[in-house]
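Here are the chains, one letter per residue:
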Amino acid sequence: MKSVIIGLCILLFIFAAQAGTFLDTFDDGELVKWEELVMFGINVPGSWEIIDGQLQGSNHGVTRLLTIGEETWQDYDIEFDVKPLEKHGPGTIVIAARIKGTWGVVCGIDDSAGPAAECFGGNLRGNFFLTYAQKPHAVLKLRKWATFQLSVRGKHLTFRINGKQVLDPIALEPLHGFPEFPTGRIGLGLANYTTRFDNLKITGPDIPNKGGLSVTPRKKLAMTWANLKQF
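Residues numbered from 1 in each chain as written. Predicted model: local features only at pLDDT ≥ 70, side-chain atom pairs only at ≥ 80, totals over all residues. Heavy atoms only, no water.

Some details on the nonpolar core
1) Next: Among the nonpolar cores identified, the biggest contains 47 residues, and L55, Y76, F148, L157, F159, L200 and I202 are the most heavily contacted of them.
2) Next: For L55, the residues in contact, after removing those within four places along its chain, are F26, L31, W48, E49, I50, L66, L188, T195, R196 and F197.
3) Next: Counting nine residues, the second largest nonpolar core, distinct from the first, contains M39, V94, A96 and V106. (Core = buried A, V, L, I, M, F, W, Y, C linked by side-chain atoms within 4.5 Å. Buried < 20%, exposed > 50% of the residue type's maximum accessible area, 1.4 Å probe, protein only. Contact = heavy atoms within 4.5 Å.)

Structure representation (structure tokens):
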């Protein structure tokens, strides 16, 4: 048992030593290199804008994701702070990984059929999904910060909120014709909420340090759906 623990510690040390870190605090007022993916391909009114150095998303209807990164990214940890300000109906707040084309894996809190933590994968622009795990979970408190964390290592995914694992570790097996989602971009998103996001951090061996995706700071800029590159 001791040798197993030592081995795991060595692997974690190697991963940390080789890892790069991309940070976005949204203080520069920019959404350069972010791309929008609208789930189900249904357009409904909404907006993304940066307010007081925080990303604010708002919409009424289906989940919209903002994604960033490269489709070649494989193993990484994603973390960001999230604060729902207003609820507009049954909704979701999500974190996403391994997005390649329109396929990806999404985890979050969904209260459309009773509040639950869930993870699913599939064609995010269609209606072809596979639910990997689902468990009752309280909705996020309005005007209270929480932290979403998602780790993907090989075929395994772990979803945490405020440092607490909320679902059993998930194996991304190619079940029923679904891919195993080996690589892809990351994302954050929401449906039927007005929500603030902040302090995005992505860490992993394929991740460039901030300079790889950084931009020259300019004045704060409000962004709408029309300003964002569509998938």
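Examining the state of the cysteines
1) Next: Tallied over the full model, the rule gives one disulfide.
2) Next: The disulfide bridge from C107 ends at C119, spanning 2.0 Å between sulfur atoms. Between C107 and C119 the sulfur-sulfur dihedral comes to about 115 degrees; the bridge is accordingly right-handed. With C107 in strand β7 (residues 103-110) and C119 in strand β8 (residues 116-123), this pair connects stretches of sequence that are twelve residues apart.
3) Next: Judged by relative accessible area, which is 1%, C107 ranks as buried.
4) Next: Note on C119: relative accessible area 0%, which makes it buried. (Disulfide = S-S within 2.5 Å. Helix = DSSP H or I, 4+ residues; strand = E, 2+ residues; numbered from the N terminus.)

Describing the environment of E173
1) Next: The topology assignment puts E173 in the loop between β13 (170-171) and β14 (185-204).
2) Next: Placed 18 residues apart in sequence, E173 and K155 show a C-alpha to C-alpha distance of 6.9 Å.
3) Next: Those residues in contact with E173, other than ones at most four positions away along the chain, are Y132, K155, F178 and P179.

Some thoughts on the side chain of R196
1) Next: Tracing the sequence through the fold places R196 in strand β14.
2) Next: At 2.6 Å, the side chain of R196 forms a polar contact with the side chain of Q54.
3) Next: A distance of 2.5 Å separates the side chain of R196 from the side chain of Q56, its partner in a polar contact.
4) Next: When sequence neighbours within four positions are dropped, the list of residues in contact with R196 reads I51, Q54, L55, Q56, D81, V82, K83, L85 and W145. (Polar contact = N/O pair within 3.5 Å; in protein donor to acceptor, adjacent residues only side chain to side chain.)

Some remarks on the confidence of the model for the chain
1) Next: When pLDDT is averaged along the chain, the result is 85; 83% of the residues meet or exceed 70.
2) Next: Contacts for the low-pLDDT stretch residues 1-17, under 50 throughout, to residues beyond four places or in other chains number six contacts. (pLDDT = per-residue confidence, 0-100.)

Observations regarding the packing of aromatic side chains
1) Next: For the structure shown, the criterion picks out eleven aromatic pairs.
2) Next: Relative to F128, the ring of W103 has its centre 6.0 Å away and its plane inclined at 85 degrees; by these criteria the two rings are edge-to-face. Taken together, the positions of W103 in strand β7 and F128 in strand β9 (residues 128-136) put the pair 25 residues apart, joining distant regions of the chain.
3) Next: Ring centres of F120 and F129 lie 5.3 Å apart, and the angle between their planes is 85 degrees; this geometry places the pair in the edge-to-face category. (Phe/Tyr/Trp six-rings, centres within 6.5 Å; stacked < 30°, edge-to-face > 60°.)

Brief notes about the environment of L65
1) Next: In this structure, L65 sits in strand β5 (residues 64-68).
2) Next: With a relative accessible area of 0%, L65 lands in the buried category.
3) Next: Not counting chain neighbours up to four residues away, the residues in contact with L65 comprise E35, E36, L37, V94, A96, I99, L124, L188 and G189.

A short note on the pairing of β8
1) Next: Judged by how many residues are buried, β8 sits mostly within the fold: seven of eight residues are covered.
2) Next: In this sheet, β8 lies alongside β7 in antiparallel orientation, the contact comprising eight bridges. Pairing of G104 across the sheet is with G122, part of β8.
3) Next: Between β7 and β8, which pair antiparallel in sequence order, lie five residues; one of them, G114, sits at a positive phi of approximately 100 degrees.
4) Next: Both β8 and β9 contribute to a ladder of eight bridges, which runs antiparallel. Paired with N123 across the two strands is F128, which belongs to β9.
5) Next: In sequence, β8 turns back onto β9 through a hairpin of four residues. (Pairing = 2+ DSSP bridges.)

Brief notes about the pattern of salt bridges
1) Next: If you walk through the whole model with that rule in mind, you get six salt bridges.
2) Next: A salt bridge links K155 to E180, with the shortest nitrogen-to-oxygen separation between them at 3.5 Å. You can see K155 sitting in the loop between β10 (146-153) and β11 (156-161) and its partner E180 sitting in the loop between β13 and β14, a full 25 residues away along the chain. (Salt bridge = Lys/Arg side-chain N within 4 Å of Asp/Glu carboxyl O.)

Topic: unusual backbone geometry
1) Next: Of note in the backbone geometry, R143 takes a positive phi value of approximately 60 degrees without being a glycine.
2) Next: Locating R143 in the fold gives a position in the loop between β9 and β10.
3) Next: Even without a glycine there, the phi angle at N162 is positive, about 55 degrees.
4) Next: With respect to the secondary-structure elements, N162 resides in the loop between β11 and β12 (164-165).
5) Next: Given the relative accessible area of 52%, N162 is considered exposed.

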